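# Residue-level structural notes
One letter stands for each residue in the lines below.
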Amino acid sequence: MTKPRPIDPTLVPPLVETPQRRFNLRRIKRRPNMKTALIALVVILAAGLLLPFAAPQNPYDLSTFSVMDNRLPPGERSLDGLTVWLGTDSQGRDMVSAILYGMRVSLLVGLAATSLALSIGVTVGLLAAMFGGRIDALLMRLVDFILGFPSILVALVLLAVIGRGVDKVIIAIVVVQWATYARIMRAAAMVERRKEYVEAAENLGYPSWRIMFRHLLPNSIGSVLVVATIYVAHAITLEATLSFLGVGVPVTQPSLGLLVASGFEFLMSGEYWISLFPGLALLVLIFSLNLVGDRLREALDSRRS
Amino acid sequence: MAVLLAVSLVVFLAVFAVGDPVELLINPEATQHEREMMVRALGLDRPVWMQYLTFLGNAMQGDLGISFVHGEPALQIIIERMPATFELVFFALLIASLVGIPLGLYVGLNSDASLSRAIMTGSILGYSIPNFWKGMMLILLLSVWLHWLPTSGRGETVDILGIPVSFLTWDGVRHLVMPVLNLAIPNTALMIRLTASGAAEARTQDYVKFARAKGVRPQRIVRRHILRNILIPVITVLGIEFGALIAFSTITETVFAWPGMGKLLITSIYRLDRPVVVSYVMLITFLFVLINLIVDLIYAALDPRVKLMDRAP
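Residues numbered from 1 in each chain as written. Chains lettered and ligands numbered in written order. Predicted model: local features only at pLDDT ≥ 70, side-chain atom pairs only at ≥ 80, totals over all residues. Heavy atoms only, no water.

### A closer look at the overall build of chain A
Here is the rule we go by: Each helix is a run of DSSP H or I of at least 4 residues and each strand a run of E of at least 2, with the numbering of both proceeding from the N terminus. Burial status follows relative accessibility: with a 1.4 Å probe on protein chains alone, a residue under 20% of its type maximum counts as buried, one over 50% as exposed, and anything between as partly exposed. Contacts were defined at the residue level, with two residues in contact if any of their heavy atoms lie within 4.5 Å.
Along its length, chain A carries 12 helices and two strands. Among the 305 residues that make up chain A, the fraction classed as buried is 51%. Sequence separation of at least 24 residues holds for 72% of the intrachain contacts in chain A that already meet a minimum separation of 6.

Here it is, written out as structure tokens:
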């Protein structure tokens, strides 16, 4: 068989911004709470990624804070003369710094887990759609099996087995989430699979992997990406919950969820700030992600109708 | 059945890999002889596959092993805690449907009203709030600051048919409010979204247009035509959510120290109480299979098309 002739790139029409696409983008931007959510997300991302360098303290560095400052209410001054706007925790750490660092852990886990789960899920979905038959049945059986259980339970039992740690939490979330992507990807790719251009590509003798990743993938990834926005939020919530239950990230790398948990014992005596503020940060993060994801889905739906 | 078998194998091996429960259970000052006695008594000296086969054989007879910590049959311990969890889940689902379905119906029928937008954004907020944090904030607000409600436990219980329940005593109700609320909020949000999208879709269907053209009163259209049709997916999800809530109550029970199955699971994980963790997962799997079956049956009862399909030649 002769090697397929490479396609002249100038003959392929460039990805144009269709009126439809522009319309949808404008629709998204016009929503006021959407704008707020986007701004909040950008601020949080910037804060989580950059601000640890500018945070008042390094919560991992024991020399920068003192136990003498433990559980100061918001607005007090610490022994070093630093004003702790959100109070300090039981170790005397400034909450602002702890939240910024915690946010970074939460974001890291959420993004890493989502991208990993996305890659696995998309590949599995493509495989199922491409080859169909027994492979499809087997893979989808596995997907159904995993999706049959609540995510929190699977992750909880899994982490109970493999122990806590940032990498392990990521693994647990990936195990829980890849199946969703696989299912959505399969459904979308199945539709594309039957189209003529895929048949044409097959007749040209392209290898399966090329059809999967060059033809099916770009044409069916849209709906998966929209879902992914919401699932980043889901991953972050899951991480926070697992950390709260004591099977998530280690105490040395507190995420927002673990910070909330560490304030639990002081809640009853009215020392609310250790739990309140990290949770609030978590809420803003998750809420913004969900809001953006929801609107994206809406925009995608309206294109279909 | 195959699902149960697969789960039992996976979970058993997984829990086996966790660690040696002997280290945790045995008095560090115990002699070597005492240790061996203990290991033999718990059956931990045999190879893994034999432990698994014994487990499987016993499981067939409803015996899922004896808790290392409590010294009682694991299944019995879990079942003892079941009513407490079911009570939470039942009331949470009740509130979620009573609040969520009407609100969702309103949103679906008036999707452009500003109140609808507010409800929809509120529903996103509802399922965005991390469950454990919401519980803690409820405690902070209603118990610590306002002193209205007790923070934890189940309160006074009354036995009905030998099952202790909280909702019949005033003290029990006061203990029940916050955990139920905590569990119900994300579910209410889900119900709102589900009903809203269903109603919005049903509104444009031909049968609704036809009913309107026929001169059927609007309330009757909503009740008889729209609501009936969207109830099918709603009930399916309610069924699935029943299972999910049992799992989610793990968090709520931990926050409110509610003595249910979920809290038992968490403490058992901490204590490496292998039989209890395995039994819990088996029981939940069984429940899920059962719930799916019941949902399918209800589905068939509600949707005449499902039955017609079966009878078609």
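### As for the overall build of chain B
The cut-off we apply is this: Surface accessibility follows the Shrake-Rupley procedure with a 1.4 Å probe radius. Residue values consider only the protein chains on display as shielding.
When helices and strands are tallied, chain B shows 13 helices and two strands. By residue count, 45% of the 313 residues in chain B fall in the buried class. Long-range contacts, defined as pairs at least 24 residues apart, comprise 72% of the intrachain contacts of chain B with a sequence gap of at least 6. About 15800 Å² of surface is accessible on chain B, with carbon and sulfur atoms providing 66% of the total.

### Describing the nonpolar core
Under the convention used in this document: What we call a nonpolar core is a set of buried Ala, Val, Leu, Ile, Met, Phe, Trp, Tyr and Cys residues that are connected through their side-chain atoms within 4.5 Å.
Within the largest apolar cluster, 139 residues are counted, with the highest numbers of intra-cluster contacts made by Phe132 and Tyr280 of chain B. If you tally residues by element for this core, the top one is helix 3 (residues 95-131) of chain A, at 16 residues. Leaving out residues up to four positions away in the same chain, Phe132 of chain B has contacts with Ala240, Thr241, Phe244, Gly257, Val260 and Leu282 of chain A together with Ile251 and Val255 of chain B. Membership of the second largest hydrophobic core comes to nine residues, among which are Leu105, Val216, Ile221 and Ile226 of chain B.

### Overview of the interface of chain B and chain A
Our working rule: Accessible area that two parts lose when put together, with a 1.4 Å probe and added across both, is what the buried area reports. When a carboxyl oxygen of Asp or Glu is within 4 Å of a side-chain nitrogen of Lys or Arg, the pair counts as a salt bridge. Side-chain atoms alone can form a polar contact between residues adjacent in sequence; in general such a contact is a pair of N or O atoms within 3.5 Å, and within protein one must be able to donate a hydrogen while the other accepts it. Classes in brief: Ala, Val, Leu, Ile, Met, Phe, Trp, Tyr, Cys and Pro nonpolar; Asp, Glu, Lys and Arg charged; the others, Gly included, polar.
Counting from both sides, the interface comprises 41 residues of chain B and, opposite them, 38 residues of chain A. Across the chain B/chain A interface, buried area totals approximately 3500 Å², and carbon plus sulfur atoms make up 82% of it. Put simply, chain B and chain A have zero salt bridges between them. Linking chain B with chain A are two residue pairs in polar contact (both at pLDDT 80 or more), by the criterion used here. Every element with two or more residues in the side of chain B that touches chain A is listed here: helix 1 (2-18), helix 6 (114-128), helix 7 (131-145), helix 10 (218-256), helix 11 (261-270) and helix 12 (274-302) of chain B. Residue composition of the side of chain B that touches chain A, grouped by class: 32 nonpolar, seven polar and two charged.

### Overview of the confidence of the model for chain B
Segments scoring low in pLDDT should not have their predicted coordinates read at a detailed level. Residue and element names in this part refer to chain B. Cut-off, in case you're wondering: How sure the predictor is of each residue is captured by pLDDT, a score from 0 to 100.
Summary statistics for chain B give a mean pLDDT of 75 and a share of 70% for residues scoring 70 or more. Mean pLDDT in chain B bottoms out at helix 2 (residues 21-25), which sits at 52, and peaks at helix 5 (residues 74-109), which reaches 85. Contacts from residues 308-313, a stretch scored under 50 in pLDDT, to residues over four places away or in other chains number zero contacts. Scoring the predicted complex yields pTM 0.77 and, for the interface, ipTM 0.73.

### Here's the deal with the packing of aromatic side chains
The condition is simple: Aromatic contacts are taken between Phe, Tyr and Trp rings whose centres are within 6.5 Å, Trp giving its six-membered ring; a plane angle under 30 degrees counts as stacked, one over 60 as edge-to-face, and the others as tilted. Should the NZ of a Lys or the CZ of an Arg lie within 6 Å of a ring centre and within 35 degrees of the ring normal, that charge is described as sitting over the ring.
Across all of its chains, the model carries four aromatic pairs over all chains by this definition. Here the aromatic rings of Phe244 of chain A and Phe132 of chain B are separated by 4.5 Å at their centres, their planes lie at 20°, and the arrangement is stacked. Separated into two different chains, Phe244 of chain A in helix 9 (residues 222-244) and Phe132 of chain B in helix 7 make up a pair that spans both. For the residue pair Phe244 of chain A and Phe132 of chain B, the accessibility class agrees, reading buried in each case. Positioned over the ring face of Tyr206 of chain A is Arg210 of chain A, at 4.4 Å from the centre of the ring.

### Section: a nonpolar patch on the surface
Residue and element names in this part refer to chain B. What counts, and what does not: Patch membership is restricted to residues that have no salt bridge and whose relative accessible area is over 30%. Joining uses 9 Å for like charges and 5 Å for the nonpolar side chains Val, Leu, Ile, Met, Phe, Trp and Tyr.
Where nonpolar side chains cluster on the molecular surface, the patch consists of Phe90, Leu94, Ile95, Leu98, Val99 and Leu103 and spans about 500 Å² of accessible area. Tracing the backbone through its elements, the reader meets Val99 in helix 5. Under the relative-accessibility criterion, Val99 is labelled partly exposed at 38%.

### Details of unusual backbone geometry
Peptide bonds are mostly trans, and most non-glycine residues show a negative phi. Residue and element names in this part refer to chain B. Its identity as a non-glycine residue notwithstanding, Ala257 has a phi of 50°, on the positive side. Note that Ala257 resides in the loop between helix 10 and helix 11. On the basis of relative accessible area, Ala257 is assigned to the partly exposed category, the value being 31%.

### Some words on helix 10 of chain B
All names here are of chain B. The test is simple: Helix span, as expected, comes to 1.5 Å for every residue beyond the first. In this scheme, the bend at a residue equals the angle between the axes fitted to the seven residues that finish there and the seven that begin there.
For helix 10, which comprises 39 residues, the first-to-last C-alpha distance of 45 Å sits more than 12% below the rise-based estimate of 57 Å (1.5 Å per residue). The largest bend in helix 10 amounts to roughly 40° and is located at Leu227. Downstream of helix 10 by a residue or two, Ala257 has a phi angle that is positive, lying close to 50°.

### Digging into the side chain of Asn182 of chain B
Residue and element names in this part refer to chain B. Its place among the elements puts Asn182 in helix 8 (residues 170-203). Of the polar contacts made by the side chain of Asn182, one reaches the side chain of Thr252; its length is 3.4 Å. Residues in contact with Asn182, not counting those within four places in the same chain, are Asn131, Lys134, Gly135, Leu138, Thr252 and Phe256.

### Focus: the confidence of the model for chain A
Residue and element names in this part refer to chain A. A residue-level look at chain A finds 73% of positions with pLDDT of 70 or above and a mean pLDDT of 77. Per-element averaging of pLDDT across chain A places helix 1 (residues 19-30) at the bottom with 50 and helix 6 (residues 166-193) at the top with 88. Note that residues 19-23 has pLDDT below 50 and, in this model, five contacts with residues that lie over four places away or in other chains.

### Examining the packing of helix 4 (residues 133-147) of chain A against helix 6 of chain A
Residues and elements named next belong to chain A. Rules: To obtain an axis, a line is fitted to C-alpha atoms, over the contacting stretch when the element is a helix, and the angle between two such axes runs from 0 to 180 degrees between their N-to-C directions. Here roughly perpendicular refers to angles of 65 to 115 degrees, roughly parallel to angles under 35, roughly antiparallel to angles over 145, and oblique to all remaining angles. Rotating anticlockwise by less than a right angle from the far helix to the near helix defines a left-handed crossing, while the corresponding clockwise rotation defines a right-handed one.
Two elements in contact, helix 4 and helix 6, have axes separated by 9 Å at closest approach and are oriented at 135°. Judged by the inter-axis angle, helix 4 sits oblique to helix 6. When the axes of helix 4 and helix 6 are compared, the crossing they make is left-handed. Taking contact as the criterion, the partners of Asp136, Met140, Leu142, Val143, Asp144, Ile146 and Leu147 in helix 4 are, on helix 6, Val175, Val176, Trp178, Ala179, Thr180, Ala182, Arg183, Arg186 and Met190. Broken down by class, the residue content of the contact of helix 4 with helix 6 amounts to 11 nonpolar, one polar and four charged.

### Some words on the pattern of salt bridges
All names here are of chain A. The full count for this structure, using the stated rule, is four salt bridges over all chains. Here Arg183 makes a salt bridge to Asp144, at a shortest N to O gap of 2.4 Å. Within this pair, whereas Arg183 is found in helix 6, its partner Asp144 is found in helix 4, the two being separated by 39 residues in sequence. Here Arg193 and Glu202 are joined by a salt bridge, their closest N and O atoms 3.2 Å apart.

### Some words on a positive patch on the surface
Residue and element names in this part refer to chain B. Threshold: Positive residues here are Lys and Arg, negative ones are Asp and Glu, while His and the chain termini are left out of the count. To locate a charge, the coordinates of NZ of Lys, CZ of Arg, CG of Asp or CD of Glu are taken.
A cluster of basic side chains, namely Lys214, Arg217, Arg220, Arg223, Arg224 and Arg228, defines a positive patch on the protein surface. At four residues, helix 10 tops the list of elements feeding residues into the positive patch. By secondary structure assignment, the location of Arg217 is in the loop between helix 9 (206-214) and helix 10.

### Quick word on the side chain of Ser128 of chain B
Relative to the assigned elements, Ser128 of chain B resides in helix 6. Here Ile124 of chain B takes part through its backbone oxygen, which lies 2.8 Å from a polar atom of the side chain of Ser128 of chain B.

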